[in-house]
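Observations on the three-dimensional arrangement
What follows is the residue order along each chain.
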Amino acid sequence: MRVCENIITSELARLGVGEKHLENQTNKIPPANNVYIIHEWWKTNGNEIKRRLRNSVPAVIPEVMEYYSETNVLYGVQRLKHIGDL
């Protein structure tokens, strides 16, 4: 959980929140292993947040993020595309 939080926080900093607003230095230390994040946003009552306002965190963070530890590169896909049913 902490690794995912750090990656998302680092992405927010890159998008304009600013490095000076990061809570601590651990957010600047890259993970030792590959990390794959598929994010969904839920309300505390268990309902999924479907509406994404332009300036909200769910709107600016990619839906899928992949971090490759070998190259220290972060990739992201803003919107997933439905490709079929199984």
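A short tour of the structure in this document, coming up.

Thresholds applied
- Residues numbered from 1 in each chain as written.
- Predicted model: local features only at pLDDT ≥ 70, side-chain atom pairs only at ≥ 80, totals over all residues.
- Heavy atoms only, no water.
- Pairing = 2+ DSSP bridges.
- Helix = DSSP H or I, 4+ residues; strand = E, 2+ residues; numbered from the N terminus.
- Buried < 20%, exposed > 50% of the residue type's maximum accessible area, 1.4 Å probe, protein only.
- Contact = heavy atoms within 4.5 Å.
- Axes fitted to C-alpha atoms, helices over the stretch in contact; angles between N-to-C directions.
- Phe/Tyr/Trp six-rings, centres within 6.5 Å; stacked < 30°, edge-to-face > 60°.

**Focus: the pairing of strand E3 (residues 73-77)**
- Bridge analysis of strand E2 (residues 64-68) against E3 gives 5 bridges, and the strand direction is antiparallel. What sits directly across from Tyr68, in E3, is Val73.

**With respect to the side chain of Ser69**
- For Ser69, the position within the fold is in the loop between E2 and E3.
- The exposure class of Ser69 is buried, given its relative accessible area of 16%.
- Not counting residues within four places of it along the chain, the set of residues in contact with Ser69 comprises Pro31, Ala32, Asn33 and Asn34.

**Regarding the sheet that holds E2**
- Reading across the sheet, the 3 strands line up as E1-E2-E3 and stay open at both edges, with antiparallel pairing between neighbours. Edge positions in the open sheet fall to strand E1 (35-38) and E3, since each of these has one partner strand only. Averaged over all pairs of adjacent strands, the angle between strand axes in this sheet comes to 10°, irrespective of strand direction.
- Pairing analysis gives 4 bridges linking E1 to E2, with the strands arranged antiparallel. In the sheet register, Ile38 faces E2, and the bridge partner there is Val64.

**Examining the packing of aromatic side chains**
- Enumeration over the complete set of coordinates arrives at 2 aromatic pairs.
- Relative to Tyr68, the ring of Tyr36 lies with its centre 6.2 Å away and its plane at 85°, an arrangement referred to as edge-to-face. Residue Tyr36 is located in strand E1, and its partner Tyr68 is located in strand E2; the two are separated by 32 residues in the primary sequence.
- A residue is classified by how much of its surface remains accessible, and Tyr68, at 25% relative accessible area, is partly exposed.
- Arranged with centres 5.6 Å apart and planes meeting at 70°, the rings of Tyr68 and Tyr75 form a pair that is edge-to-face.
- On the basis of relative accessible area, Tyr75 is assigned to the partly exposed category, the value being 46%.

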